[in-house]
Amino acid sequence: MHELILHHYDISPYAEKIRLIMGLKQLAWRSVQIPVVMPKPDLTALTGGYRLTPVLQVGADIYCDTKAIARRLERDRPTPTLYPSGCAASGRGLAFWGETLFMDAVLIGFGMRMFPPDFVADRQKMVPGGVSEDLARALIPSKLDEIRAKVTLIEEQLADGRTFLLGSEASLADFAVYHPLWEGGPIASPHVLFSAGRQDSQAQSRADDREDDSRCRTAHSYSNLPGARW
Ligand SMILES: N[C@@H](CCC(=O)N[C@@H](CS)C(=O)NCC(=O)O)C(=O)O
C-alpha cells in the first residue's frame, strides 16, 4: 500500500476530522503543511486547481474533500469501521447536518473580527459577492442561536449515556459533528463544550470536574481514540 500523505494545516477543522479518523484507524501518515491562504502553488499543481483543505495523496491518487478521503481510508482500513451497526446512511446524514456547524462558527469568527486581515481578505474572495465583517457581525445572534439549537440536539442524542452519537462505537457522524466545534467551541458556548479534550491542561481539568456532563464525556471519548493528537 502507498503511504498516506495529508496536505493540511494545523488549525484546519476539516483536516482535524481526517487526522482523527486516521487515529481511529491507527493509520500511519505523512504530513505536508500547506499555506492557510492563497497562493498555494504546490497544492493546486497537485490537485488541478482545488484549493480547499485537506487533500489526501495516495501514490498518484489525489483525494479532494473529506468525504472522499474518508471513503478511501475506509476502503484501505475497514476496521474499525466508520459505519458501525449498519449506520452507512444515517451516519452520513448526521455528518452532513453536523458540518453545517462549520459555517456557523466561521461567520461568528468573522463577525467577532477574530481572524487576521490576510485570512479575512482570502476567505472573502471565496464567497460569491463577498461577505463583509459588518454583515457577519449582524448575523452573530442568529448563528449563535443555530449553534445552541444544534448542540442541544447533540446533547439530547447523548443523554441516554451513550459514548458516541450513534451508540457505543465512533462513526463518521462523530468526526463530522466534532470538528466544527473543535473550531468553534470557545465561541459557541461558555461551557467547555467539545474543546475539553485539547492539550490545554486548564480545559482538561475543567472537563475532569464535569464528568457527568455529556459534552465533556464525549470530548473524553474522542481524546481516548487511538492516535488522537491531544
Ligand atoms: N467540503 C470540504 C470542505 C473543506 C473546507 O472548507 N476546508 C476549509 C479549511 S477547514 C478550507 O478549505 N478553507 C480554505 C482553505 O484552506 O484554503 C471537505 O469536506 O473537505
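Residues numbered from 1 in each chain as written. Predicted model: local features only at pLDDT ≥ 70, side-chain atom pairs only at ≥ 80, totals over all residues.

### With respect to the environment of Gln57
Okay, so step 1: Residue position: Gln57 is located in strand E3 (residues 55-58).
Okay, so step 2: For Gln57, a count of 18 C-beta atoms within 10 Å corresponds to the partly exposed category.
Okay, so step 3: Measuring from C-alpha to C-alpha, the distance between Gln57 and His7 comes to 7.6 Å, with 50 residues separating the pair along the chain.
Okay, so step 4: Residues within four places of Gln57 in sequence aside, it is in contact with Ile5, His7, Leu46 and Ile62. (Helix = DSSP H or I, 4+ residues; strand = E, 2+ residues; numbered from the N terminus. Buried ≥ 20, exposed ≤ 12 C-beta atoms within 10 Å, placed from the backbone. Contact = placed C-beta atoms within 7 Å.)

### Observations concerning helix H4 (residues 88-98)
In an α-helix, one full turn covers 3.6 residues, which means residues spaced three or four apart are oriented alike.
Okay, so step 1: Within H4, burial applies to Gly91, Leu94, Ala95 and Gly98. Along H4, the residues classed as buried sweep out an arc of 105 degrees about the axis, all on the same side. Exposed positions of H4 whose direction lies more than 90 degrees from the buried face are Ala89 and Gly93. (Arc of directions from axis to C-beta.)

### Concerning the nonpolar core
For soluble globular proteins, nonpolar side chains are generally found buried alongside one another.
Okay, so step 1: Ile21, Leu172, Ala173 and Val177 are the most contacted members of the largest nonpolar core, which has 44 residues in total.
Okay, so step 2: Ranked by residue count, the leading element in this core is helix H8 (residues 172-188), at eight residues.
Okay, so step 3: There are two domains that each give this core at least three residues, and those are domain 1 (4-76) and domain 2 (84-223).
Okay, so step 4: When neighbours within four sequence positions are excluded, Ile21 is seen to be in contact with Ala70, Leu73, Leu82 and Phe175. (Core = buried A, V, L, I, M, F, W, Y, C linked by C-beta atoms within 7 Å. Domains from an automatic or database assignment.)

### Some details on the site of the ligand
Okay, so step 1: As a structural note, the neighbourhood of the ligand is formed by Ser12, Pro13, Tyr14, Arg51, Leu52, Thr53, Asp65, Thr66 and Lys67.
Okay, so step 2: Within the residue set of the shell around the ligand, elements represented by two or more residues are helix H1 (13-24) and helix H3 (66-76).
Okay, so step 3: A class-by-class count of the residues in the shell around the ligand yields three nonpolar, three polar and three charged. (Near = placed C-beta within 6 Å. Nonpolar A, V, L, I, M, F, W, Y, C, P; charged D, E, K, R; others polar.)

### Focus on the sheet that holds strand E1 (residues 4-8)
Okay, so step 1: Strand order in this open sheet of four strands is E2-E1-E3-E4, and the pairing throughout is mixed. On the outer flanks of this sheet lie strand E2 (29-33) and strand E4 (61-64), each paired with one strand and no other. Direction aside, the axes of adjacent strands within the sheet are offset by 20 degrees on average.
Okay, so step 2: Where E1 lies against E2, five bridges are found, and the strand directions are parallel. Following the sheet pairing, His8 is matched in E2 by Gln33.
Okay, so step 3: Sheet strands in contact with H3 are E3 and E4, and its direction is about 130 degrees off that of E4. (Pairing = 2+ DSSP bridges. Axes fitted to C-alpha atoms, helices over the stretch in contact; angles between N-to-C directions.)

### Remarks on the packing of helix H5 (residues 100-111) against helix H7 (residues 133-158)
Okay, so step 1: For the pair H5 and H7, the least separation of the axes is 7 Å and the interaxial angle reads 140 degrees. What the angle tells us is that H5 and H7 run oblique. Between H5 and H7 the crossing geometry is left-handed. The segment H5 lies against H7, with Leu101, Asp104, Ala105, Leu107, Ile108, Phe110 and Gly111 engaging Glu133, Ala136, Arg137, Leu139, Ile140, Lys143, Leu144, Glu146, Ile147 and Lys150.
Okay, so step 2: Each residue belonging to the contact of H5 with H7 can be placed in one class, and the counts come to ten nonpolar, one polar and six charged. (Parallel < 35°, antiparallel > 145°, perpendicular 65-115°, else oblique. Left-handed = near helix turned anticlockwise from the far one by under 90°.)

### Some details on the packing of H1 against H3
Okay, so step 1: It is the contact of H1 with H3, at a shortest axis distance of 10 Å, that shows an interaxial angle of 5 degrees. Taken as axis vectors, H1 and H3 run roughly parallel relative to one another. Judged by residue contacts, Tyr14, Lys17, Ile18, Ile21 and Met22 of H1 engage Thr66, Ile69, Ala70 and Leu73 from H3.
Okay, so step 2: Of the residues contributing to the contact of H1 with H3, the split by class is seven nonpolar, one polar and one charged.

### Let's talk about the confidence of the model for the protein
Any segment with low pLDDT has predicted coordinates that should not be analysed in fine detail.
Okay, so step 1: Taken as a whole, the protein shows an average pLDDT of 83; of its residues, 80% reach a score of 70 or greater.
Okay, so step 2: In the predicted structure, residues 186-230 sits below a pLDDT of 50 and forms 76 contacts with residues beyond four places in sequence or in another chain. (pLDDT = per-residue confidence, 0-100.)

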